[in-house]
Amino acid sequence: MGTRLSMASCAPGRAPLGFPTLPLSNGLHIPVLGLGTSHQGGYSHDAVVYALQKCGIRHIDTAKRYGCESLLQKAIKESDVKREDLWITTKLWHSDYGYGNTKQACLESCKRLGVQYIDLYLVHWPDAQVPGKSNREVRAETWRAMEDLYEKGICRSIGVSNFLINHLEQLKEDCKITPHVNQVEYHPFQRPQELVDYCRSRNIVFEGYCPLAKGEALTHPNIIKLAKKYGKTPAQICIRWSIQNGIVTIPKSTKIERIRENCEVFDFILAEDDVAIINGMHDGRHVSWDPSSIV
């Protein structure tokens, strides 16, 4: 797997919550399986409450851009899950980049979510789109604000999303704190192993979104064959493969039955040969944003 999974809770000193975790460089533990949310119909109050109450989900991934932070506050409250047992990730959109804007945006996200702190705050996208300033300049200025938020405890960990090696190398030269996490598209057709290896060499946990390739992977003959072999669904095969590769995995669904299905991936293990079959499906296609042209 290359990365050691732990059954420890994301809240140190508390009872384990059931799902494995991965250690961050700062000693915190992030659950390897989370529930993703999104805009454009990617949010369901009942589904989030069900995931928290019935499925053992404790890791919720959202973003300002998705427009559902305030909705999540209501779902979390209804679930009766304690704040200290949750891992909440949200993200900073490029319209809020810059030192002062970043700090303000973080506090506003906390207010919408109804929390005093964020477990993981991510810079959502490497393209700053600020007139008169280079992307590198704005990313560095933004990251210094992220460092301040981390040092004040408003963000328990900080990271980036959709950053490639060149973006991370620039940040390394310009700033002090190494990102704790890099969240990037990851599925059988998009397995950026060079980026994964780079992140691991710097103790950056790799988190993958779109693990089902927006459904494209579910009809591939290899995935269907393995689903039959293991008595599992194609989605469960894809999620299990991602987790076994040491990737924090955040499938999205608004359907209760799909959320249940996506969580039932810890009662079987894919054989190494079968992991290799799925690894071999990589063809470089993106089903989401492609940051490779951003300097």
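Since the model is a prediction, treat every value here as computed from it, not as a measurement. (Residues numbered from 1 in each chain as written. Predicted model: local features only at pLDDT ≥ 70, side-chain atom pairs only at ≥ 80, totals over all residues. Heavy atoms only, no water.)

1. Considering the packing of helix H4 (residues 135-151) against helix H5 (residues 165-174)
Their axes nearest at 10 Å, the elements H4 and H5 cross at an angle of 60°. In terms of their interaxial angle, H4 and H5 are classed as oblique. Between H4 and H5 the crossing geometry is right-handed. Taking contact as the criterion, the partners of Arg136, Arg139, Ala140, Trp143 and Arg144 in H4 are, on H5, His167, Gln170, Leu171, Glu173 and Asp174. Considering only residue class, the contact of H4 with H5 consists of 3 nonpolar, 2 polar and 5 charged. (Axes fitted to C-alpha atoms, helices over the stretch in contact; angles between N-to-C directions. Helix = DSSP H or I, 4+ residues; strand = E, 2+ residues; numbered from the N terminus. Parallel < 35°, antiparallel > 145°, perpendicular 65-115°, else oblique. Left-handed = near helix turned anticlockwise from the far one by under 90°. Contact = heavy atoms within 4.5 Å. Nonpolar A, V, L, I, M, F, W, Y, C, P; charged D, E, K, R; others polar.)

2. With respect to the side chain of glutamine 236
Among the structural elements, glutamine 236 can be located in helix H8 (residues 234-244). Polar side-chain contacts of glutamine 236 include one of 3.0 Å to the backbone oxygen of glutamate 261. Those residues in contact with glutamine 236, other than ones at most four positions away along the chain, are Glu261, Glu264, Val265 and Phe268. (Polar contact = N/O pair within 3.5 Å; in protein donor to acceptor, adjacent residues only side chain to side chain.)

3. Regarding the side chain of serine 253
With respect to the helices and strands, serine 253 occurs in the loop between strand S10 (248-249) and helix H9 (256-263). For serine 253, a relative accessible area of 16% puts it in the buried group. Of note is the side chain of serine 253, whose polar atom sits 3.1 Å from the backbone nitrogen of lysine 255. Ignoring sequence-local partners within four residues, the contact set of serine 253 consists of Leu35, Gly36, Arg258, Ile259 and Asn262. (Buried < 20%, exposed > 50% of the residue type's maximum accessible area, 1.4 Å probe, protein only.)

4. Observations regarding the sheet that holds strand S3 (residues 35-36)
The strand order across the open sheet built from 8 strands is S3-S4-S5-S6-S7-S8-S9-S10, with neighbouring strands paired in parallel fashion. In the strand order of this sheet, the two ends are held by S3 and S10, each with one partner. Sheet topology places strand S8 (residues 181-185) next to strand S9 (residues 205-209); 5 bridges connect them, and they run parallel. Bridging across to S9, valine 181 finds its partner in valine 205. Contacting strand S5 (87-92) and strand S6 (120-123), helix H3 (residues 99-113) crosses the sheet at an angle of about 140° to S5. (Pairing = 2+ DSSP bridges.)

5. Section: the pairing of strand S7 (residues 158-161)
Burial along S7 is two-sided: Ile158 and Val160 and Gly159 and Ser161, pointing in opposite directions, are all buried. Inspection of the sheet shows S6 paired to S7 by 3 bridges, in the parallel sense. Looking at the pairing, tyrosine 121 lines up with isoleucine 158 of S7. On the question of chirality, the crossover connecting S6 to the parallel S7 by way of H4 is right-handed. As judged from the 3 bridges shared by S7 and S8, these two strands associate in the parallel manner. Note that in S8 the partner of valine 160 across the bridge is asparagine 182. Handedness of the S7-H5-S8 crossover: right-handed. (Right-handed = clockwise from strand over helix to strand, strands pointing away.)

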